[in-house]
Amino acid sequence: MLGIATQYDGKNIESIGLLKMDFLGLKTLSILKDTIINIKRSKGIDLDIEKIPFDDQETYELFSRGDTTALFQFESDGMQKHLQALKPTRFEDLIAMNALYRPGPMKYIPNFIDRKHGREEIVYDLPIMEEILEETYGITVYQEQVMLLARKMGGLTGGQSDSLRKAMGKKLQAEMDKLYVIFTEGCKKNGLPEDKVQKVWKDWIEFTKYAFNKSHATCYSYLAYQTAYLKAHFPAEFMAANLSHNLNDIKKITQLISESSRMGIEVTRPDVNESSLSFTVNKQGVIRFGMAAIKGVGEAAVEQIIEEREKNGPYKNVFDFAKRVNLRSVNKRSFQALAMAGAFDGFEGTHRAQYFYKENDSDSEFIEYILKHGANYQERQNSQQASLFGDMADSFELVDPKMPDCEPWTMTTQLHNEKEVTGFYISGHPLDKFKKTIDRFSTMEAANLKNESANLVGETVSIAGMVVEANQKTSKNGSNYGQFVVEDYSGNISLMLFSEPYLKWKHMLVPGNNVFIQIKIEERYNQPGVINLNVSDIMLLNETMNRLTKKINLFVNADKTNDEQVAALVSKVNENKGECPLILSIKDPENGKYLSLKSGKNVDPSAFLKAIESLPGVSYLIN
């Protein structure tokens, strides 16, 4: 059956009496649904999201902390800041913030917050307006308030007040002029002073250019509250659902994993004996990576792995896995991706390097031997089942090969492979081993520098990260310059080097290098508002601690340190000599004050700090 499709402008359609309807699809609804499924799976609770209380203290505390990452409509940095100041205590506060956080009305947010907390007097242009504006502390927030006030003050009908809303919002001057006459005459009949009426009308014209309607704000805030309730009470299940619905957005996935970590929720590797298609929560409250998120595996393969596991129990080892899965679906590429992502790590006595081991360069990877072993087993099983003597199958035992003996991957290799098949790091981050250096000397994260540079003109900041991309380019005058991208825990930022600085540091701009960068933030000459990020220094991150540390102040509690610990400390000092002065501060157990002494010893900062990590009763300050 053929249909005819056409299109008309919405404004003209409405003018002839036809109904225009807007349908909004929201990913958030699917996230809510999957969170509820996760809760049932991990905790056995059947949650009815439509029956949650809307006066839940923990939920409002979450909003008040600005802890709104992954919450519908409320997760922007600006909104988080305002929520921390507002400290909402009722659902109406959320509706108002949702409506106010838009161009135009946004300037009223500080007044709204101050009036809620009694720091600013609540005033009304006219006493008649109090009933309508009381819930928003005297501030006109919603289009519906304009409509209600127009009826109450000027006697407009419901239809006329709606026409007024549309006319003001769409700047329909002829319609506004007609309604203005009706409104002012009605206000005059009600004895309202003309000067106040004129002020109100002028305010409305300005307000309705950007005004939001309460019905929309209420629906959005209702959904936002539901997401906040789930995050407050079922955080792991909620974050798992968000991760599952952002698989194609690496930046968002990274942000969500970082937020999960901040909340104390572990996001761990996939596992063929526990993972589902998407991210799920296990009995220990850990978010388990979904196998469908692994590049090269495919949804059909994952469904087959899960179906076999649920039917015949957990896989005992990788050979049992190869014997039981459909090797047409779970092929060599799938095996490689699963191994690289750590999905076989749960098998006792194995590590990832074994699956890719080669006796000689000309040999096949051990994965191929596993696949052949599984295929031989399945072929033998099939032939025995077809035989008249199928009941003798147990007499033909196929012995599993022995896993090869080889060195495990380094953490760097493991993380690289994880990112290759999942798009991000699971076991850790390449910068983890430089945490002390980053915490001490880095002043800004890449994402913050990207977003806040306009507010930092004239300042010099320091970032630490890994070079993920570097390109040499040629300018119009024929000189070479470099463009490179640095990534840290928060995201990445693109930087440029020209002329002599490029020649000086280009050898460091190699993808995989971890670097420490100092950047001067300046406004471009004769171009106000255009910001330049001028790199003033680059050094390798593994050299930064030693280059920038002027001295180390070592703090020792005399009453908590015995002779053995002192001897161990002296040994560490002597074993890690360098050029950095070591200051010894000993705490007096009687008055709690420290006595600082020059030790006369110089140490290598990086090596020494690593060496004393496990010594009890010792702390330090890097200067």
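The rules behind each value
Residues numbered from 1 in each chain as written. Predicted model: local features only at pLDDT ≥ 70, side-chain atom pairs only at ≥ 80, totals over all residues. Heavy atoms only, no water. Pairing = 2+ DSSP bridges. Helix = DSSP H or I, 4+ residues; strand = E, 2+ residues; numbered from the N terminus. Axes fitted to C-alpha atoms, helices over the stretch in contact; angles between N-to-C directions. Salt bridge = Lys/Arg side-chain N within 4 Å of Asp/Glu carboxyl O. Buried < 20%, exposed > 50% of the residue type's maximum accessible area, 1.4 Å probe, protein only. Contact = heavy atoms within 4.5 Å. Patch = residues over 30% accessible without salt bridge, like charges linked within 9 Å, V, L, I, M, F, W, Y side chains within 5 Å. Areas by Shrake-Rupley, 256 points an atom, 1.4 Å probe, with all protein chains shown as cover. Lys, Arg positive; Asp, Glu negative; His and termini not counted. Charge placed at Lys NZ, Arg CZ, Asp CG, Glu CD. Parallel < 35°, antiparallel > 145°, perpendicular 65-115°, else oblique. Left-handed = near helix turned anticlockwise from the far one by under 90°. Expected span 1.5 Å × (residues − 1). Arc of directions from axis to C-beta. Phe/Tyr/Trp six-rings, centres within 6.5 Å; stacked < 30°, edge-to-face > 60°. Lys NZ or Arg CZ within 6 Å of the ring centre and 35° of its normal.

## A few points about the sheet that holds strand S12 (residues 618-622)
Reasoning step 1: Pairing in this open sheet of 4 strands is mixed, and the strands run S11-S10-S9-S12 from one edge to the other. Both edges of this open sheet fall to strand S11 (594-603) and S12, since each of them pairs with a single strand only. Sheet twist, expressed as the average angle between the axes of neighbouring strands with direction ignored, equals 25 degrees.
Reasoning step 2: Sheet topology places strand S9 (residues 552-557) next to S12; 5 bridges connect them, and they run antiparallel. Across the sheet, residue Ile552 finds its bridge partner in S12, namely Ile622.

## Focus on the pattern of salt bridges
Reasoning step 1: The final tally for this structure, using the stated rule, is 33 salt bridges.
Reasoning step 2: When the shortest N-O distance is used, the salt bridge between Lys40 and Asp46 registers 3.2 Å.
Reasoning step 3: The salt bridge involving Asp345 is made with Arg269; its shortest N-O contact spans 4.0 Å. One end of the pair, Asp345, is in the loop between helix H17 (332-341) and helix H18 (366-386); the other, Arg269, is in the loop between strand S1 (267-268) and strand S2 (280-281), and 76 residues separate them in sequence.
Reasoning step 4: The exposure class of Asp345 is partly exposed, given its relative accessible area of 25%.
Reasoning step 5: For Arg269, a relative accessible area of 16% puts it in the buried group.
Reasoning step 6: Bridged by salt links that share partners, the residues Arg65, Asp67, Lys231, Glu259 and Arg262 form one connected network.

## Digging into the sheet that holds strand S4 (residues 460-474)
Reasoning step 1: Strand order in this open sheet of 5 strands is S6-S5-S4-S7-S8, and the pairing throughout is antiparallel. Lying at the two open borders of the sheet, with one neighbouring strand each, are strand S6 (492-498) and strand S8 (531-540). Across the sheet, the mean angle from the axis of one strand to that of its neighbour is 45 degrees, orientation sign disregarded.
Reasoning step 2: Helix H23 (residues 541-548) rests against S4, strand S7 (514-523) and S8 of the sheet, and its axis sits at about 85 degrees to S8.

## Some words on a negative patch on the surface
Reasoning step 1: On the surface, a cluster of negative charge is made up of Glu299, Glu303, Glu307 and Glu310.
Reasoning step 2: Within the secondary structure layout, Glu303 lies in helix H15 (residues 299-312).
Reasoning step 3: With a relative accessible area of 41%, Glu303 lands in the partly exposed category.

## A closer look at the packing of helix H2 (residues 27-43) against helix H12 (residues 214-233)
Reasoning step 1: It is the contact of H2 with H12, at a shortest axis distance of 11 Å, that shows an interaxial angle of 30 degrees. What the angle tells us is that H2 and H12 run roughly parallel. Where H2 crosses over H12, the two elements pack in a sense that is left-handed. Taken together, the residues of H12 that come into contact with H2 (itself represented by Thr28, Leu29, Leu32, Thr35 and Ile39) are Leu223, Gln226, Thr227 and Leu230.

## A word on H2
Reasoning step 1: In a regular helix each residue adds 1.5 Å, so 17 residues correspond to 24 Å; H2 covers 24 Å between its end C-alpha atoms and thus fits that length.
Reasoning step 2: All buried positions along H2 are accounted for by Thr28, Ile31, Leu32, Thr35, Asn38, Ile39 and Ser42. An end-on view of H2 places all buried positions within 125 degrees of arc, on one side of the element.
Reasoning step 3: In this structure, the buried residues of H2 make contact with H12, helix H13 (235-244) and S2.
Reasoning step 4: One or two residues past the end of H2 sits Gly44, with phi positive at roughly 70 degrees.

## Considering the packing of aromatic side chains
Reasoning step 1: This model, assessed by the stated rule, comprises 25 aromatic pairs.
Reasoning step 2: Their ring planes at 85 degrees and their centres at 6.3 Å tell us that Phe91 and Tyr225 sit as a pair that is edge-to-face. Residue Phe91 is found in helix H5 (residues 91-100), and its partner Tyr225 is found in helix H12; the two are separated by 134 residues along the sequence. For the pair Phe91 and Tyr225, a shared accessibility class is recorded, and that class is buried.
Reasoning step 3: With a centroid separation of 5.2 Å and 50 degrees between ring planes, the pair formed by Phe183 and Trp204 is classed as tilted. With Phe183 in helix H10 (residues 173-189) and Trp204 in helix H11 (residues 194-207), this residue pair connects regions lying 21 residues apart in the sequence.
Reasoning step 4: The class of Phe183 is buried, set by a relative accessible area of 0%.
Reasoning step 5: Its relative accessible area of 2% is what places Trp204 among the buried residues.
Reasoning step 6: Of the aromatic side chains, those joined through ring pairs into one cluster are Tyr315, Phe321, Phe335, Phe344, Phe347 and Tyr355.
Reasoning step 7: We note Lys323 situated over the ring of Tyr377; from NZ or CZ to the ring centre the distance is 5.1 Å.

## Some words on a nonpolar patch on the surface
Reasoning step 1: A cluster of nonpolar residues, Leu19, Met21 and Phe23, forms a patch on the protein surface that exposes about 440 Å² of accessible area.
Reasoning step 2: Inspection of the secondary structure puts Leu19 in the loop between helix H1 (10-15) and H2.

## Let's talk about the side chain of Gln354
Reasoning step 1: In this fold, Gln354 is placed in the loop between H17 and H18.
Reasoning step 2: In this structure Gln354 touches Gly349, Phe366, Met403, Pro404 and Cys406, once residues within four positions along its chain are discounted.

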